[in-house]
Amino acid sequence: MGADPANEGLKKALADATGAAAAAAAEYEAAENDELHQAARKGHAALIPSLLAEPGLDANTPNRDGQTPLHYAAWEGHTDCLQLLLDADANVNATNTSGQTPLHLAAWYGKDDAVEWLIARKADANAPDSAGETALHHATRSSRLSTCRLLLEAGCKALTKSSGGQMAFNIADDCCPLSTCKHDDIADLLEPWMEKEAAAAEAAAAAEASVVGLAKIPKGTVVTVRGLQSATEHNGK
């Protein structure tokens, strides 16, 4: 039996539409991003050194959305491109128009290798975006358990609240209980880190109160150990 002409016509129309969409996407990409952005986004690490040597191309040049080449390399998880760009003095904490750093994007997309690279090159793990969210908020929202663990181990604060008053735990805890995502696991991961941070903050506050108490003791006063303990306990209440 021969091919159905109607089906063949449909296939051709779909192919033409696909080709037109690809051409439009390529045209948009070329208009939005210079060659360095495109190479970083597509993982063409071999092209980056020669592109960096061309006049007008710079590792820190943003596109219309504020994305630098480093944002794209982090977004896609191209660690070889990350290394080349960082070695060319790319700003590891550059922000796009939403206040997001490359680390925010790597965290959202669960690019753990990129997260590790960025942190090793002094990315600010606690940098807030324009909504006050850190990379940990982003990793939690997109259900990236291993990424959350990496960020916490790198010093990202579990108790940080966004502009809307949400901690990463709130995002995880608000997830639908019928969801198959890893938000419950992330909530379990976050709890001991939150407790540890809260205990550290309480200890720091107590230590500060003790210092204030000592400062209030008149100069020349003889202070016994028992009296000092009593005074600092009183000032810490």
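Cut-offs and rules
- Residues numbered from 1 in each chain as written.
- Predicted model: local features only at pLDDT ≥ 70, side-chain atom pairs only at ≥ 80, totals over all residues.
- Heavy atoms only, no water.
- Buried < 20%, exposed > 50% of the residue type's maximum accessible area, 1.4 Å probe, protein only.
- Helix = DSSP H or I, 4+ residues; strand = E, 2+ residues; numbered from the N terminus.
- Polar contact = N/O pair within 3.5 Å; in protein donor to acceptor, adjacent residues only side chain to side chain.
- Salt bridge = Lys/Arg side-chain N within 4 Å of Asp/Glu carboxyl O.
- Core = buried A, V, L, I, M, F, W, Y, C linked by side-chain atoms within 4.5 Å.
- Contact = heavy atoms within 4.5 Å.
- Axes fitted to C-alpha atoms, helices over the stretch in contact; angles between N-to-C directions.
- Parallel < 35°, antiparallel > 145°, perpendicular 65-115°, else oblique.
- Nonpolar A, V, L, I, M, F, W, Y, C, P; charged D, E, K, R; others polar.
- Phe/Tyr/Trp six-rings, centres within 6.5 Å; stacked < 30°, edge-to-face > 60°.
- Lys NZ or Arg CZ within 6 Å of the ring centre and 35° of its normal.

> Is there a simple way to explain helix H2 (residues 35-42) in this structure?
Along an α-helix, a turn takes 3.6 residues, which lines up residues three or four apart on a common side. Buried within H2 we find Leu-36, His-37, Gln-38, Ala-39 and Ala-40. Between a side-chain oxygen at the N-terminus of H2 and the backbone nitrogen of Leu-36 the separation is 3.1 Å; the capping residue is Asp-34. At the C-terminal side of H2, Gly-43 shows a positive phi close to 80°.

> How should I be thinking about the pattern of salt bridges in this particular structure?
Any two side chains of opposite charge can pair, given that their charged atoms come close. Across all of its chains, the model carries two salt bridges by this definition. The salt bridge partner of Arg-121 is Asp-87, with a shortest N-O separation of 3.1 Å. In this pair, Arg-121 sits in the loop between helix H7 (112-120) and helix H8 (135-141) while Asp-87 sits in helix H5 (residues 79-87), placing the two residues 34 residues apart along the sequence. Residue class for Arg-121 comes out partly exposed when judged on its relative accessible area of 29%. Asp-87 gets classed as partly exposed once you look at its relative accessible area, which sits at 48%. The shortest N-O distance in the salt bridge between Arg-141 and Glu-133 comes to 2.3 Å. A relative accessible area of 34% means that Arg-141 is categorised as partly exposed.

> Whenever I open this one, the nonpolar core confuses me. Can you help?
Side chains of nonpolar character tend, in soluble globular proteins, to be buried together. With 47 residues, the main nonpolar core has Leu-85, Leu-103, Leu-118, Leu-136, Leu-151 and Leu-190 as its most contacted residues. Other than its neighbours up to four places away in sequence, Leu-151 contacts Leu-103, Ala-107, Val-115, Ile-119, Ala-135, Leu-136, Ala-139 and Cys-156.

> Would you mind showing me how to read the packing of H7 against helix H9 (residues 145-153) here?
Direction vectors running N to C along H7 and H9 enclose 10°, while the axes themselves pass 10 Å from each other. Here H7 lies roughly parallel to H9, going by the angle between them. On H9, the residues touching Asp-112, Val-115, Glu-116 and Ile-119 of H7 are Ser-146, Thr-147, Leu-150 and Leu-151. Here the contact of H7 with H9 is composed, by residue class, of four nonpolar, two polar and two charged.

> What is the right way to look at H9 in this model?
Listed as buried for H9 are Leu-145, Thr-147, Cys-148, Leu-150, Leu-151 and Leu-152. Remark: Gly-155 follows H9 within two positions and exhibits a positive phi of approximately 105°.

> Looking at this structure, I do not really get the packing of aromatic side chains. What am I missing?
The description of two aromatic rings rests on the distance between their centres and on the angle between their planes. Scanning all chains against the criterion turns up two aromatic pairs. Among the aromatic residues, ring-to-ring pairing joins Tyr-72, Trp-75 and Tyr-109 into one connected group. In this structure, Arg-41 packs its charged tip against the face of Trp-75, placed 5.1 Å from the ring centre. Over the face of the ring belonging to Trp-193 we find Lys-196, whose NZ or CZ atom lies 4.0 Å from the ring centre.

> Could you clarify how one ought to interpret the environment of Glu-197 in this entry?
Within the secondary structure layout, Glu-197 lies in helix H11 (residues 183-215). Along the sequence, Glu-197 and Lys-157 sit 40 residues apart, while their C-alpha atoms lie 7.7 Å from each other. Here the side chain of Glu-197 touches Leu-159 through a polar contact of 3.1 Å, landing on its backbone nitrogen.

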